[in-house]
Amino acid sequence: MLIYALKRLRSLVLSLLVASVVIFAVIEVVPGDPAAFMLGINAQEDTIAALREELGLNLSVYQRYFNWVGGLLSGDFGISYTYRSPVAEIVTERLWVSLPLAAYALSLTVLLAFPAGILAASRRGSVTDLSVMGFTQLGVAIPNFWFAMLMVLAFAINLRWFSAGGFPGWDEGFWISMKSLTLPAIALALPQASILARVMRSSLLDTLGEDYVRTCRAKGLSKAQALWRHALRNALIPVLTIIGLQFSFLLAGAIIIENVFFLPGLGRLVFQSISQRDLIVVESVVMLLVFAVILVNFAVDIAYALVDPRLRRGR
Amino acid sequence: MAEKSILRLALSSRNLIIGLALSLVFVIAGLLSFLWTPYDVTMLDIPSRFQTPSAAHWLGTDHFGRDILSMIMVGARTSIAVALVAVGIGMGLGVPLGLAAAARKDSLLDDLIMRGNDLVFAFPSLLIAILITAVFGPSALNAIIAIGVFNIPVFARLVRGAALSLWTLDYVLSARVAGKGAARISFEHILPNVANLLIVQGTIQFSLGILAEASLSYVGLGAQPPIPSWGRMLADSQTMISLAPHMALFPGLAIVLTVLGLNLAGDGLRDLFDPKLRKART
Amino acid sequence: MMKAISRSMFAASMMLTAGAAFAANTDVTVGLQLEPPHLDPTSAAAGAIDQVLYSNVFEGLTRFGPDGSVNPGLAESWTISDDGLSYTFKLRAGVKFHDGSDFEATDVVFSLDRARAEDSVNAQKALFAGIASVEALDAGTVKVTLSDANGSFLFNMAWGDAVMVAPESIDDIKSNPVGTGAFRFDSWSRGDKIELARNEDYWGTPARIEAATFKFISDPTAAFAAMMAEDVDVFYSYPAPENLMAFEADARFTILSGSTEGETILAMNNKQAPFDNAKVRAAVSYAIDRNAIIDGAMFGFGTPIGTHFAPHNPDYVDLTGNSAYDPEKARALLAEAGLADGFKTTLKLPPPSYARRGGEIIAAQLRAVGIETEISNLEWAQWLEQVFRGYDYGLTIVSHTEPMDIGIYARPEYYFQYDNADFQTLIADLAVEADPGKRSGMLKQAQTVISEDYVNAYLFQLAMVSVVKTDLKGIWENAPTQAIDLTSVYWAD
């Protein structure tokens with residue numbers, strides 16, 4: 001087991017290393033000079049040069065790469081070009097919006113998907129099943145930003161139940177903040193819940209068809225008992241994997257929704273940073289997101305290996 | 001299975017029929033737009049802007065007085081073309097990679113391909129697409145590349161997984177004993193057997209591609225004006241949503257219906273190709 | 001009748017909320033589209049920094065009035081030597097920075113020396129280029145010596161990039177700006193808002209409101225909703241003109257439509273074929289229907305211009321007749337230039353909606369005379385790289401928001417690459433001319449030259465449209481500079 005874990009750890013480190021090189025290389029070739037952008041159209045060439053010097057942009061590519069990676073390892077993400085404050089600070093600030101939003105959206109996802117999936121599986125072929133499946137088909141097909149726009153029109157502009165965007169900040173009160181995250185969370189959750197409900201349903205149907213569940217049924221357990229006591233627990237494994245992936249997806253995938261609702265979150269930060277050529281922020285945030293996904297994958301692999309010893313040998 | 005019964009099965013699959021019909025509507029609308037649209041989408045008619053649906057403009061007009069129906073027709077062309085080519089890239093590169101990885105299981109090549117795939121999966125796709133367009137500038141071509149890149153690992157993984165189990169089958173082993181090379185076996189024996197899977201996954205990726213193109217052009221990174229695209233139509237409509245809701249409604253519906261159609265068709269195809277699943281359903 | 005009903009309903013609702021409103025009306029929430037990247041007006045070009053801080057937190061030796069005039073600021077008065085080379089500023093007495101330290105002549109020396117230093121990162125370093133030396137004669141007097149006489153020196157000193165800063169607080173200026181203004185910086189929640197509080201020790205007339213909040217809402221839909229919900233009292237430079245009709249119909253709001261210094265132009269690459277041919281440039285100018293652009297892209301807000309000069313300026317000459325919309329003439333000119341079949345070029349558009357929407361309209365208008373354009377929508381960073389610094393473009397649309405910037409036409413390396421020796425001489429002469437009458441004549445001549453050379457196609461003067469709560473008074477209607485001066489804003493009872 002230990003050897004397996006170490007092997008996985010080695011590939012995790014390698015992946016991170018490759019990812020850092022790829023990210024740095026991509027961002028290195030992005031055209032557009034951060035200094036020129038910040039100083040605008042009346043700037044003189046010598047002023048731009050002075051600012052480049054100040055930002056450390058005149059160092060060689062290798063030096064900048066190693067400075068960056070070295071900084072990451074020691075927890076120093078560098079100083080943002082535009083905001084001129086530590087990247088770590090800015091990212092933390094944004095995480096206070098993005099993490100709660102992702103958690104909120106994920107809770108909604110689970111709250112919608114579990115009952116829907118279980119209901120559909122337990123009444124396979126019924127009208128309930130068909131309508132659940134129909135709704136999930138629709139949920140997957142709706143672009144979330146369009147759904148968000150329609151919600152803004154209905155609930156913010158016409159009914160004025162919610163504000164159309166913005167985030168008041170947690171110090172304005174928990175419920176006010178949660179309220180401003182509600183429409184974005186719904187927009188994010190809808191397609192995810194549809195996916196999860198479908199996975200839940202098919203996973204349940206698979207386990208219900210397996211021998212041991214049939215044995216339970218033969219032993220006299222009712223269909224509902226078999227479902228709740230045995231099938232559900234086993235069906236949860238693929239469902240949990242999906243949830244893990246969805247969380248990292250929600251963290252990074254909220255870019256568009258954060259823009260629609262004007263939330264000061266991580267996705268919006270990266271989007272803005274790209275257009276402002278605040279490349280050090282882009283590098284660090286993308287790296288952070290990649291790290292999160294790779295880490296989740298690693299954890300899932302290890303968890304699987306713990307559950308299923310057969311997996312330790314192969315892949 | 002005889003041709004006739006496949007056809008009968010296909011016809012009896014409700015999903016497949018509805019799905020194909022829906023998708024076909026937009027494919028035909030897109031193709032028709034090459035020959036004819038109700039109005040010229042490059043002509044602006046500012047005095048007749050923001051018109052609600054009427055006999056003259058079935059779906060109304062936008063902020064430049066352009067006919068929304070005509071724009072949706074031409075937009076269908078953009079969406080479908082981008083998604084189709086992106087899937088093509090994904091299959092064209094992903095399938096050979098997957099076959100190679102399966103043929104040389106556990107070799108360095110396999111490891112490299114699979115780790116590379118994991119890595120691509122780990123990147124937040126929309127962000128990378130935004131970065132790609134920041135490097136090369138926004139255009140339909142770059143949107144295709146950005147979407148296509150993320151299709152590669154999907155197909156590589158799928159093909160590798162399916163191919164691995166095929167390699168253990170008797171007829172493949174006997175082909176091997178007969179001295180056929182791995183490449184030849186992959187293409188002669190493995191590929192035809194994963195074709196069904198590819199068609200199903202291709203349909204799903206195609207629909208995801210439509211959604212991705214809409215997102216990219218919504219943030220302004222897809223096809224550039226004056227070529228209409230559904231995503232940009234939605235972006236344009238956003239500030240006018242209280243003034244002219246129809247500008248937001250119809251392009252959005254076009255996306256939903258196309259994606260829905262393709263997903264239903266994908267489900268239908270899977271049922272068709274996989275008799276076991278089919279039995280389970282009914 | 002309807003109006004009467006709605007008015008009485010409005011009055012009733014006012015009475016119901018009057019108690020609460022009265023207590024709350026000591027502060028103002030200003031909506032802004034862009035957030036400042038940091039809070040140092042002397043080291044970045046971002047207009048949002050000046051919008052929040054200019055005149056509110058930071059002040060210069062001179063300051064702009066609402067009409068664009070240059071008034072005394074921290075300098076109470078000044079004398080100019082006869083050769084126009086030395087300016088002696090008498091500073092106001094008793095001025096304190098927000099940290100309690102005194103504002104003295106040494107601070108002026110520090111601020112100006114910092115701005116013109118070798119390693120200065122001032123975005124408008126050219127403003128300080130003519131300064132030869134700055135000396136403190138005593139604590140309340142500063143003498144600035146110029147290397148050449150400069151007719152616009154006092155004007156330059158009023159810019160946001162020339163405000164007075166203190167050496168003690170300079171290290172933290174980007175996150176904690178310390179100035180001398182009627183408001184002091186209070187707090188900044190990044191991505192959301194900046195709060196200012198009244199400076200109780202202000203040297204001049206104190207502000208009438210106690211606190212101001214700048215809320216950053218970049219999305220026009222959210223801006224619309226925030227205004228409608230009255231979360232915001234004034235939305236400065238409202239980003240979506242298409243929504244203004246809705247505000248106009250609502251008695252709670254007033255629309256202020258003022259002028260800006262933003263000449264919006266369709267710039268042409270004067271060194272690149274076929275735009276190196278004046279006939280082609282003229283053809284492009286004639287092919288464009290300004291009114292259709294103002295109507296279609298700006299929903300009617302904007303004033304047509306025929307040259308690179310602000311129409312509200314007394315020296316403005318209306319030269320729109322030089323390029324009145326005439327597609328037939330455009331085609332004829334193209335034929336004369338040997339391009340009867342038209343040509344293809346690029347049209348590169350930065351993010352603002354005047355450019356994106358205007359670009360689509362211009363593309364259609366140019367197509368009508370046979371000029372095909374390939375549009376690419378660029379971010380600002382890409383635009384700076386490709387168009388502004390790389391000269392890699394045929395056409396582009398941009399609004400030049402700097403005041404009195406006709407001098408850019410005398411810079412042959414400037415991105416539209418207009419190189420006319422006579423014009424350069426004219427601008428050089430203008431810089432050292434002090435006689436107001438002669439200056440006016442020269443400015444008019446300069447406008448005529450660039451208009452008749454069809455350097456660029458001049459579209460319209462950007463309007464500044466703000467949506468204001470009807471009982472909020474004292475908001476600047478015009479934008480002589482990028483500032484939101486809140487020092488004399490108040491609520492009508």
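Residues numbered from 1 in each chain as written. Chains lettered and ligands numbered in written order. Predicted model: local features only at pLDDT ≥ 70, side-chain atom pairs only at ≥ 80, totals over all residues. Heavy atoms only, no water.

**Topic: the sheet that holds strand E6 (residues 131-138) of chain C**
All names here are of chain C. Strand order in the open sheet formed by 4 strands is E4-E5-E7-E6, and the pairing between neighbours is antiparallel. Unpaired on one side and paired on the other, strand E4 (75-80) and E6 mark the two borders of the sheet. Each adjacent strand pair in this sheet contributes to an overall mean axis angle of 20°, direction not counted. Sheet contacts for helix H3 (residues 105-116): strand E5 (86-91), E6 and strand E7 (141-146); angle to E6, the most-contacted strand, approximately 165°. (Pairing = 2+ DSSP bridges. Helix = DSSP H or I, 4+ residues; strand = E, 2+ residues; numbered from the N terminus. Axes fitted to C-alpha atoms, helices over the stretch in contact; angles between N-to-C directions. Contact = heavy atoms within 4.5 Å.)

**Concerning the confidence of the model for chain C**
All names here are of chain C. Model confidence for chain C is summarised by a mean pLDDT of 89, while 95% of its residues fall at 70 or above. Within chain C, the lowest mean pLDDT, 41, falls on helix H1 (residues 2-24), and the highest, 96, falls on helix H7 (residues 278-287). The low-confidence segment residues 1-23 (pLDDT under 50) makes 4 contacts with residues lying over four places distant or belonging to another chain. Both confidence scores are given for the complex: pTM 0.84, ipTM 0.87. (pLDDT = per-residue confidence, 0-100.)

**With respect to the domain arrangement of chain C**
Residues and elements named next belong to chain C. Considered domain by domain, chain C is made up of domain 1 (29-35 + 177-257 + 470-491), domain 2 (57-172) and domain 3 (259-463). Distance between the C-alpha centres of domain 2 and domain 3: 34 Å. The partner domain 3 presents 7 residues to the 5 residues of domain 2 that form the contact. Between domain 2 and domain 3, a total of about 450 Å² is buried, with carbon and sulfur atoms accounting for 66% of that surface. (Domains from an automatic or database assignment. Buried area = accessible area lost by both parts, 1.4 Å probe.)

**Some words on the interface of chain A and chain C**
Contacts between chain A and chain C engage 41 residues on the former and 42 residues on the latter. Interface area, chain A with chain C, both sides summed: about 3300 Å², of which 55% is carbon and sulfur. When the buried surface of chain A facing chain C is broken down by residue, Ile41, Asn42 and Phe262 of chain A rank first, second and third, together holding 21% of it. Inspection of the chain A/chain C interface yields 3 salt bridges. Taking the shortest distance from any N to any O, the salt bridge between Arg277 of chain A and Glu379 of chain C comes out at 2.8 Å. For the interface between chain A and chain C, the tally reads 3 residue pairs in polar contact (both at pLDDT 80 or more). When contributions to the side of chain A that touches chain C are tallied by element, the ones reaching two or more residues are helix H2 (34-39), helix H3 (45-55), helix H5 (87-122), helix H7 (144-158), helix H11 (255-260) and helix H12 (266-276) of chain A. Top element by residues in the side of chain A that touches chain C is H3 of chain A. It accounts for 7 residues. (Salt bridge = Lys/Arg side-chain N within 4 Å of Asp/Glu carboxyl O. Polar contact = N/O pair within 3.5 Å; in protein donor to acceptor, adjacent residues only side chain to side chain.)

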